[in-house]
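Coordinate inspection notes
This is what each chain is made of:
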Amino acid sequence: MLRTGCAASPPWRPCAGPGCSSTTAPRTACASARATCLQGTSGWPAHTTPTPGTKRTTGWVGYCLHLTETCDTRAPRLITDVATTSAAEGDDSQALTGIHTRLTERELLPAQQLVDSGYVTAGTLVAARQEHGIDLVGPARPIVRGEGHERFGHNDFQIDDERRLAVCPAGQTSISWATTRSSRRTRIPLVQIRFDAATCRDCPLRSRCTTAGHGKWGRAMSLREPAQRAALQQRRREQDADAWRARYRPRAGIESTVCQIVHRTRTRSRRSRYRNATATHLSHCLAATATATNLIRIDAWQQGHRPERTRTTHLCRLLTHTSK
């Protein structure tokens, strides 16, 4: 599921909210998260193709539910967007384009969007900023270096985009620089860099760099465009700072939204009554998820009930009291 949390931040824009008497209001921040939704038991429509999905060790056939909600402490936290996608898509970041488009049409586009690592890629960091002016706040996935922790990653190479060259940790220069694209499904523009096989074969650092031992090419790398690489590297540097973690902390509230939806709707958000994607999405928008949750929260806010902090278990309270 996707959670959108809101906090006042510049710049200012006209307020489009119902019942708002002011002429300006700050753009807010939002966060996103995903939940699985199993297929229903009704007959298959002719235009629907069931697709399986996996997340870690969990597998299901059906859909993924993405929610976006506000997180302003001065107002009830309301769900502002619902997206139902195929479970086979797998990559959560692909849902961001549709979410941003719908929020733009409703004039609810935030200045910041708090998301988990599944939505953070080099492409989404740049696209959110350039196309919608959104600061996508979420942790980047760690660098995968293959076998062992001492192997050289992309950050260990010196990349010169103007000269179209790359220099490895041993000081050798690449011999091939070509533009390409990723898989047929994503079609992401990439730069493919290759080093000479003979040079890599005789290199004393070969065991930490590549296993290529024959053929025309040695070490090969596929990199994003410069702006995307810079955005991803900056995120990996700043996400370890305490200030960034404090800024990201409000996203944790989406977990309570997931819990509330599952318990209030008696798991209908987890198991759809329908196998049709359109009908499943409609149920997510209406009684099963978004509308019902918003009505419950608005009523609670008008009754004076405010969201509580995370509950502290009896064991934690006992341990805290004992340590004192």
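So, on to the layout of surface pockets. If a probe as big as a water molecule is rolled over the atoms, it shows which places are left empty. In this structure, the largest pocket spans a volume of roughly 1400 Å³. Secondary-structure elements contributing two or more residues to the lining of the largest pocket are helix 1 (96-105), helix 2 (122-132), strand 12 (189-196), strand 13 (217-223) and helix 4 (226-238). The residue makeup of the lining of the largest pocket, split by class, is 20 nonpolar, 15 polar and 11 charged.

The next thing to look at is empty space enclosed by the protein. For the structure shown, the criterion picks out 2 cavities of 30 Å³ or more. Approximately 140 Å³ is the volume found for the largest cavity. What lines the largest cavity is a set of 15 residues, and nearest its centre among them are C168, A170, C200, C203 and C209. Across the lining of the largest cavity, the residue classes break down as 10 nonpolar, 3 polar and 2 charged. Roughly 40 Å³ of volume is contained in the second largest cavity.

Before going further, it helps to examine the nonpolar core. In this structure, I99, V115, V120, L125, L136 and L232 are the most contacted members of the largest nonpolar core, which totals 16 residues. By size, the runner-up hydrophobic cluster in this structure holds 12 residues, among which are V191, I193, F195 and C200.

The subject of this paragraph is helix 7 (residues 277-285). All of the buried residues in helix 7 are T280, S283 and H284. Around the axis of helix 7, the buried residues are gathered within 105° of arc, so they sit on the same side. By the N-cap criterion, in which a side-chain oxygen at the helix start approaches the backbone nitrogen of a residue two or three places on, helix 7 is capped by N276, the distance to T278 being 2.7 Å.

Before going further, it helps to examine the side chain of S176. Here S176 shows up in strand 11 (residues 176-181). Under the relative-accessibility criterion, S176 is labelled buried at 14%. When neighbours within four sequence positions are excluded, S176 is seen to be in contact with Q192, I193, R194 and W217.

Turning our eyes to something else, we now look at helix 4. Its 13 residues give helix 4 an end-to-end C-alpha distance of 18 Å, which sits within 8% of 18 Å, the value for a rise of 1.5 Å per residue. Within the sequence span of helix 4, burial applies to Q228, R229, L232 and R235. One side of helix 4 carries all its buried residues, which in axial view fall inside an arc of 130°. Looking at the buried side of helix 4, the elements it contacts are helix 2, strand 8 (135-137), strand 9 (158-160), strand 13 and helix 5 (242-248).

Procedures and definitions
- Position numbers for residues start from 1 in each chain and track the written sequence from start to end.
- Confidence filtering applies because this is a predicted model: local features only for residues at pLDDT of at least 70, side-chain atom pairs given and counted only at 80 or more, and all residues used for totals across whole chains, interfaces and linings.
- The basis for the side-chain values is all heavy atoms of the structure; hydrogens and waters are excluded.
- Using a 1 Å grid laid over the protein atoms alone, points where a 1.4 Å probe fits but cannot get out form a cavity; open sets with protein on both sides within 12 Å along at least 5 of 7 lines form a pocket; any residue with an atom within 4 Å of a point counts as lining.
- Grid points are joined across faces, edges and corners, and a volume is the space filled by probe spheres set on the points.
- Note on conventions: DSSP H or I runs of at least 4 residues are helices, E runs of at least 2 residues are strands, and numbering of each starts at the N terminus.
- Residue classes follow a fixed rule: Ala, Val, Leu, Ile, Met, Phe, Trp, Tyr, Cys and Pro count as nonpolar, while Asp, Glu, Lys and Arg count as charged, and any other residue, Gly among them, counts as polar.
- Buried Ala, Val, Leu, Ile, Met, Phe, Trp, Tyr and Cys residues form a nonpolar core when they are joined through side-chain atoms within 4.5 Å.
- Whether a residue is buried, partly exposed or exposed follows from its accessible area with a 1.4 Å probe, protein chains only, as a fraction of its type maximum: under 20%, in between, or over 50%, in that order.
- Think of it as the arc spanned by the lines of direction from the helix axis to the C-beta atoms.
- Under the rule applied, a polar contact is a pair of N or O atoms within 3.5 Å (in protein, one hydrogen donor and one hydrogen acceptor; residues adjacent in sequence only if both atoms are side-chain atoms).
- Should any heavy atoms of two residues lie within 4.5 Å, those residues are counted as being in contact.
- Helix span, as expected, comes to 1.5 Å for every residue beyond the first.

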